[in-house]
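Each chain, letter by letter, is given below.
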Amino acid sequence: MLTLTDNAADIVKKISEGIADPEQAGLRISEAGSGEEAGLSLAPVESPEPGDKVVDADGARVFLDQAAAELLDDKVLDAQVDPDGSVQFGLGQQA
């Protein structure tokens, strides 16, 4: 299952605070496109979709659709805030 670094968990919680019900809100990672153009999209949402896997790391909630859950099963989500305030997410391999 996907894990989050402390930085990623803090940033996901901050993003969720801007949503109507922050206790149910989180960041959703889902399949974007299909075939060779496929990738992942990431968006703040109010709640998980039916069938989503929920990763809860100290109150930071990440929702994964089936494709993302399979792809990210052995990954670690990290994040940082750039000097201009934009958030950059990255993936690494779990140890």
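Residues numbered from 1 in each chain as written. Predicted model: local features only at pLDDT ≥ 70, side-chain atom pairs only at ≥ 80, totals over all residues. Heavy atoms only, no water.

*Asks:* I'm lost on the overall build of the protein in this one. Help?
*Replies:* Check the secondary structure of the protein and you find two helices and seven strands. Secondary structure of the protein in N-to-C order comes out as β-α-β-β-β-β-α-β-β. Projecting the C-alpha coordinates of the protein onto the three principal axes gives extents of approximately 35 × 30 × 25 Å. At a minimum sequence separation of 6, the contacts of the protein that also span at least 24 residues come to 51%. Only carbon and sulfur atoms are counted for the fraction: they give 46% of the accessible area of the protein, which is about 5700 Å². Positive and negative charge centroids in the protein, built from 6 and 20 side chains respectively, lie 4 Å apart. (Helix = DSSP H or I, 4+ residues; strand = E, 2+ residues; numbered from the N terminus. Contact = heavy atoms within 4.5 Å. Areas by Shrake-Rupley, 256 points an atom, 1.4 Å probe, with all protein chains shown as cover. Lys, Arg positive; Asp, Glu negative; His and termini not counted. Charge placed at Lys NZ, Arg CZ, Asp CG, Glu CD.)

*Asks:* Quick question: what am I supposed to make of the pattern of salt bridges here?
*Replies:* Pairing between side chains of opposite charge can happen when their charged atoms approach one another. For the coordinates displayed, the defined rule picks out two salt bridges. Notably, a salt bridge pairs Arg28 with Asp52, separated by 2.7 Å at the nearest N-O pair. One end of the pair, Arg28, is in strand β2 (residues 26–32); the other, Asp52, is in the loop between β3 (39–45) and β4 (53–57), with 24 residues separating them in the sequence. Across the pair Asp74 and Lys75 runs a salt bridge, and its minimum N-O distance is 3.0 Å. On the accessibility criterion, Asp74 (33% relative accessible area) is partly exposed. (Salt bridge = Lys/Arg side-chain N within 4 Å of Asp/Glu carboxyl O. Buried < 20%, exposed > 50% of the residue type's maximum accessible area, 1.4 Å probe, protein only.)

*Asks:* What should I look at first to understand the environment of Asp73 in this one?
*Replies:* Within the element layout of this structure, Asp73 appears in the loop between α2 (66–71) and β6 (75–81). Each C-alpha atom of the pair Asp73 and Ser30 lies 13 Å from the other, and the pair is 43 residues apart in sequence.

*Asks:* Would you mind showing me how to read the sheet that holds β2 here?
*Replies:* Note: strands within a sheet are paired through backbone hydrogen bonds, in either parallel or antiparallel orientation. If you walk across this open sheet you meet the four strands as β3-β2-β5-β4, and the pairing is mixed. The sheet is open, and its two borders are formed by β3 and β4, each paired with just one other strand. Averaged over all adjacent pairs, the angle separating strand axes in this sheet is 20 degrees, with direction ignored. Here five bridges tie β4 to strand β5 (residues 60–64), and the two strands are oriented antiparallel to one another. Looking at β5, one finds that Asp56 is bridged to Arg61. Relative to the sheet, helix α1 (residues 6–17) contacts β2, β3, β4 and β5, its axis offset from that of β5 by approximately 85 degrees. (Pairing = 2+ DSSP bridges. Axes fitted to C-alpha atoms, helices over the stretch in contact; angles between N-to-C directions.)

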